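One letter stands for each residue in the lines below.
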Amino acid sequence: MRLSADQVEMIRKHIDQSAINIDSLRDDVLDHLCCVVEIKIERGNVFEHAFQQALIELAPDGLDEIQNETVFLLNSTKILRMKKVMYLIGLITAISMSFGVTFKILHWAGGDELLIYGMIGFVFLYLPLLMVNHFKLSINSALTEKLRLILGFVSALAICTAIALKVLHIGGADLLLIGGTLLFSFGFLPFMFFNIYKKSIS
């Protein structure tokens, strides 16, 4: 049995009232609901009851959930790709720094370059990507959690930059190192231990 134009329009209006704003998704939901409703009417259900059953079967938590799941699936590939790049950068820069330290201790050539390039990549590529990733995950978290992330990122940035400047014998490294250490000690650590304390008593 085919639905009438009025019945199709009723289903369309219900979809338009939801949060679904992707045109292709809205059309797919409309087609699916119309097909299911037609089958249920052929089995003896009236339109209103068939429509309500089709809605429950398709989206028990409401049509808005379909939009959220679709957006997540569309973005999951990008998120996964970004995480792969982020952790690959972290691995490469960490290996570069560890070899740089080893080469410097053994007085081999290339130690300074490996250490410096590793630190530059770690500070200006890996840390910002890590910060963005963690900030997205904690977007709905408490203000203390956001401040902890920001203070941890800034202090790590300052300390790593200071170490790189120290290796290069560039001025200002000492002040930057002291500033980063103070920010880490009196900014990041109190927030971190406060969160640990809250979790331990909850």
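Refer to the structure presented above.
Residues numbered from 1 in each chain as written. Predicted model: local features only at pLDDT ≥ 70, side-chain atom pairs only at ≥ 80, totals over all residues. Heavy atoms only, no water.

Draft legend 1. Structural context of the layout of surface pockets. There is about 230 Å³ of room inside the largest pocket. In terms of lining, the largest pocket is formed by 13 residues, of which the most central are Leu130, Leu149, Gly152, Phe153 and Ala156. Secondary-structure elements contributing two or more residues to the lining of the largest pocket are α5 (111–137), α6 (143–167) and α7 (173–201). Looking at the lining of the largest pocket, the element that brings in the most residues is α6, giving 7 residues. The residue inventory of the lining of the largest pocket, partitioned by class, reads 9 nonpolar, 3 polar and 1 charged. (1 Å grid on protein atoms, 1.4 Å probe; cavity = no way out; pocket = protein on both sides within 12 Å on 5 of 7 lines; lining within 4 Å. Points joined across faces, edges and corners; volume = space filled by probe spheres on them. Helix = DSSP H or I, 4+ residues; strand = E, 2+ residues; numbered from the N terminus. Nonpolar A, V, L, I, M, F, W, Y, C, P; charged D, E, K, R; others polar.)

Draft legend 2. Molecular detail of the side chain of Ser155. Relative to the helices and strands, Ser155 is located in helix α6. For Ser155, a relative accessible area of 0% corresponds to the buried category. Beyond its immediate stretch of four places on either side in the chain, Ser155 contacts Gly180, Leu183 and Phe184. (Buried < 20%, exposed > 50% of the residue type's maximum accessible area, 1.4 Å probe, protein only. Contact = heavy atoms within 4.5 Å.)

Draft legend 3. Layout of the environment of Gly90. Mapped onto the elements of the fold, Gly90 is located in helix α4 (residues 63–105). On the accessibility criterion, Gly90 (11% relative accessible area) is buried. With 39 residues separating them in the primary sequence, Gly90 and Leu129 have C-alpha atoms 9.7 Å apart.

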